[in-house]
Amino acid sequence: MILEPERLDGLRALFAQNFGLPSPSLLSRAPGRVNLIGEHTDYNGLPVFPMALQRNVAYLLRPRTDARVRLVNRDRRYGTREFAISDAIEPFAQGDWGNYVKAAAQKLASRFELRCGFDAAVDGNVPLAAGLSSSSATLVGALLALMRVNGLELPLAELQELAAQAERYVGVAGGGMDQAISLGGRAQHALVIDFAPVRMQPTRMPGDWRFVVSNTLVMAEKSGAAREAYNARTRECREALERFRAHPDAAGLPDSYYALVHGVALPRLLEIAGHALGGVLLQRFRHVVSEGARVEQARQAMLGGDAAGFGRLMDASHASLREDYEVSSTELDLLVEIARESGALGARLTGAGFGGCSVALCLADDAQRVVDALHRRYYAVRPPFEGEALFVAEASDGARVFEL
Ligand code: GLA
């Protein structure tokens, strides 16, 4: 199925209303993602372990013969947007959804001559500002659309890198995880992804594992308030690494996080860090190297069908994100606790943190119990809310353009 019939019909009607004939000829669809483990590692050159979701952003579109883009969003709050493509596009206001489309257009225009834009009706069902990469899905969907209407093709790894660079347009010094998994996702698989250059190891998900994603309902706006906190973490990690390397005990050790995690035993790294660093920098360093090491352990656990082991790694990841990296929140901690107490094998915050979602691993037979407990103990005691609170993630294929 290209798109759920209700969404496709809605997009067709919206397109006809706004852009008339001829009918749209293409559909570009890009998924959001949930990261299972490897959090705040990508921008430090260490691997992540996400899967692409069954939730996506879809553009129903018709190519144009000039280099303009016109958009209308099915969600009325987001309205219409229009701009001319160039390699220097003035952004909309900060936080505007249209900036993710501009980001794709500007980046691509800096590499290729773009003669054609498109008219598109846009619909997304990735929960917004929830740490599930609705923004990267928006960017990746636009990127693939622009490439298609201009007859451009790139190898996947280059595209993943380009998409990651493109997103810097919105002012977040992000890593490449969200764009890489949105482009490279695979049904029934989670992917260990390494960076610079992007490398992927698809790992089949055991049939009885379920990942329950539940939303704190506290917005974690990537382009809003959390942006500065996120960017601060990236600076702290860089500084921690510099100081670590400058310490005499680290003489002769490799000089990147990647090489350190892969070449030096973790206890030794932590011992030297204890001498070289203190306070916040020590905490950040400890999170990054321990989380980096957990990714490979988690992959082994998934390959071996060891759900309990995978769950323990998720728990350790959450503790480290809460204590050392300081990106959790009361609500995230509560969701994680409820999931564990009701039968999950492990649970953690997912995405950048500061709100957004948690993810819990449970076996198929226990999933309903976990879902019920989350409803009862979290959502039922909150003010009424719009949208979806929780769902079971289905590992899905990456972004694609379909001819209609
Ligand atoms: C955000 C960024 C990603 C990654 C995560 C944290 O989602 O976009 O690149 O850094 O935070 O793991």
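If you're wondering where the values come from, they're calculated on a predicted model, not measured in any experiment.

Enquirer: Honestly, the nonpolar core in this entry has me stumped. Any pointers?
Expert: Nonpolar side chains in soluble globular proteins tend to be buried together. Counting 102 residues, the largest nonpolar core has Y59, F211 and F310 as the members making the most contacts within it. At 10 residues, helix α3 (residues 134-149) tops the list of elements feeding residues into this core. Counting contributing residues per domain, this core is built from domain 1 (5-204 + 397-403) and domain 2 (210-392), each supplying no fewer than three. Counting 18 residues, the second largest nonpolar core, distinct from the first, contains A339, V370, V371 and A389.

Enquirer: Would you mind showing me how to read the packing of aromatic side chains here?
Expert: The description of an aromatic ring pair rests on the distance of the ring centres and on the angle between the ring planes. Counted by the stated rule, this structure contains 12 aromatic pairs. With centroids separated by 6.5 Å and ring planes inclined at 80°, the aromatic side chains of F83 and F92 adopt a geometry described as edge-to-face. What makes F92 partly exposed here is its relative accessible area of 21%. When the centroid spacing of 5.9 Å and the interplanar angle of 65° are considered together, the rings of F211 and F310 count as edge-to-face. Taken as a pair, F211 in strand β8 (residues 209-215) and F310 in helix α10 (residues 307-323) lie far apart in primary sequence, 99 residues in all.

Enquirer: Would you explain the environment of R55 in this entry?
Expert: With respect to the helices and strands, R55 occurs in strand β2 (residues 49-63). Exposure remark for R55: the relative accessible area of 14% places this residue in the buried category. Sequence separation between R55 and L132 is 77 residues; the distance between their C-alpha atoms is 9.2 Å. Beyond its immediate chain neighbours, meaning those up to four positions away, R55 contacts P31, G32, N125, V126, E388 and F391. One polar contact links R55 to E388, side chain to side chain, over a distance of 2.5 Å.

Enquirer: Could you clarify how one ought to interpret the site of the ligand in this entry?
Expert: Around the ligand, the surrounding shell holds 12 residues, and the nearest of these are E39, H40, D42, D178 and Y230. Measuring from an oxygen atom of the ligand, one finds a backbone N or O atom of G175 at 3.2 Å. Surface burial for the ligand is 96%, taken as the share of its 310 Å² of free accessible area covered by protein chains. For the shell around the ligand, the class distribution of residues is 4 nonpolar, 3 polar and 5 charged. Counting only domains with at least three residues in the shell around the ligand, you end up with domain 1 (5-204 + 397-403) and domain 2 (210-392).

Enquirer: It is not clear to me how the sheet that holds β8 should be interpreted in this structure. Could you clarify?
Expert: Strand order in this open sheet of 4 strands is β9-β10-β8-β11, and the pairing throughout is antiparallel. Edge strands, defined here as strands with exactly one partner in the open sheet, are β9 (346-350) and β11 (390-392). Shown here is a sheet whose adjacent strand axes are inclined to one another by a mean of 20°, direction ignored. Bridge analysis of β9 against strand β10 (residues 357-363) gives 5 bridges, and the strand direction is antiparallel. Residue L349 lies in a different strand from β10, and its bridge partner there is S358. Here α10 sits on the sheet and contacts β8, β9 and β10; the angle it forms with β9, its principal contact strand, is near 45°.

Enquirer: In this structure, what is going on with the domain arrangement of the protein? I would like to understand it.
Expert: How big an interface is tends to be reported as the loss of accessible area on association of its parts. You can read the domains of the protein as domain 1 (5-204 + 397-403) and domain 2 (210-392). The interface is formed by 48 residues belonging to domain 1 together with 47 residues belonging to domain 2. Counting the surface lost from both domain 1 and domain 2, the interface buries some 3700 Å², and carbon and sulfur atoms represent 61% of this. Looking at the side of domain 1 facing domain 2, the largest losses of area belong to I37, E39 and H40, adding up to 17% of the total buried there.

Enquirer: I'm lost on the side chain of D194 in this one. Help?
Expert: Mapping D194 onto the fold places it in strand β6 (residues 189-194). Aside from chain neighbours lying at most four places away, what touches D194 is P47, R199, Q201 and Y258.

Enquirer: Honestly, helix α6 (residues 226-246) in this entry has me stumped. Any pointers?
Expert: The first and last C-alpha atoms of α6 sit 31 Å apart over 21 residues, in line with the 30 Å expected at 1.5 Å per residue. For α6, the complete set of buried residues consists of A226, Y230, N231, A232, R233, T234, E236, C237, A240, L241 and F244. Those residues of α6 hidden inside the fold are in contact with α7 (257-263), α8 (266-276) and α9 (279-303).

Enquirer: Sorry, what's going on with the environment of Y59 here?
Expert: Relative to the elements of secondary structure, Y59 occurs in strand β2. Overall, the relative accessible area of 0% leaves Y59 in the buried class. For the pair Y59 and L27, spaced 32 residues apart in sequence, the C-alpha separation works out to 5.5 Å. Among all residues touching Y59, those that are not within four sequence positions of it are L26, L27, S28, L71, V101, F118, A120, A121, V122, T138, G141 and A142. Reaching out from Y59, the side chain makes a polar contact with the backbone oxygen of T138 at a distance of 2.6 Å.

Enquirer: Sorry if this is basic, but what is going on with the pairing of β9 here?
Expert: For a regular strand, side chains alternate in direction, first toward one face of the sheet and then toward the other. Buried residues dominate β9, accounting for 5 of its 5 residues. Two successive antiparallel strands, β9 and β10, enclose a turn made up of 6 residues, where G351 displays a positive phi of approximately 85°.

Enquirer: Sorry, what's going on with the pairing of β6 here?
Expert: Of all 6 residues that make up β6, 6 are buried, and the element is covered over most of its length. By the alternation rule, side chains of β6 split into H189, L191 and I193 and A190, V192 and D194, which are all buried. Sheet topology note: the β6/strand β7 (residues 199-204) ladder contains 6 bridges and is antiparallel. In the sheet register, A190 faces β7, and the bridge partner there is T203. Between β6 and β7, which pair antiparallel in sequence order, lie 4 residues; one of them, A196, sits at a positive phi of approximately 50°.

Enquirer: Teacher, can you tell me more about unusual backbone geometry here?
Expert: Excluding glycine, a negative phi dihedral is what most residues carry, and trans is how most peptide bonds are arranged. In the segment running from L21 into P22, the intervening peptide bond is cis, with an omega of -10°. The linkage connecting A196 with the following residue, P197, adopts the cis geometry, with an omega of -5°. Tracing the backbone through its elements, the reader meets P197 in the loop between β6 and β7. Of note in this structure, A129 is not a glycine but carries a positive phi near 50°. Locating A129 in the fold gives a position in the loop between β5 (118-124) and α3. With a relative accessible area of 14%, A129 lands in the buried category.

The rules behind the values
Residues numbered from 1 in each chain as written. Predicted model: local features only at pLDDT ≥ 70, side-chain atom pairs only at ≥ 80, totals over all residues. Heavy atoms only, no water. Core = buried A, V, L, I, M, F, W, Y, C linked by side-chain atoms within 4.5 Å. Buried < 20%, exposed > 50% of the residue type's maximum accessible area, 1.4 Å probe, protein only. Helix = DSSP H or I, 4+ residues; strand = E, 2+ residues; numbered from the N terminus. Domains from an automatic or database assignment. Phe/Tyr/Trp six-rings, centres within 6.5 Å; stacked < 30°, edge-to-face > 60°. Contact = heavy atoms within 4.5 Å. Polar contact = N/O pair within 3.5 Å; in protein donor to acceptor, adjacent residues only side chain to side chain. Near = heavy atom within 4 Å. Areas by Shrake-Rupley, 256 points an atom, 1.4 Å probe, with all protein chains shown as cover. Nonpolar A, V, L, I, M, F, W, Y, C, P; charged D, E, K, R; others polar. Pairing = 2+ DSSP bridges. Axes fitted to C-alpha atoms, helices over the stretch in contact; angles between N-to-C directions. Buried area = accessible area lost by both parts, 1.4 Å probe. Expected span 1.5 Å × (residues − 1).

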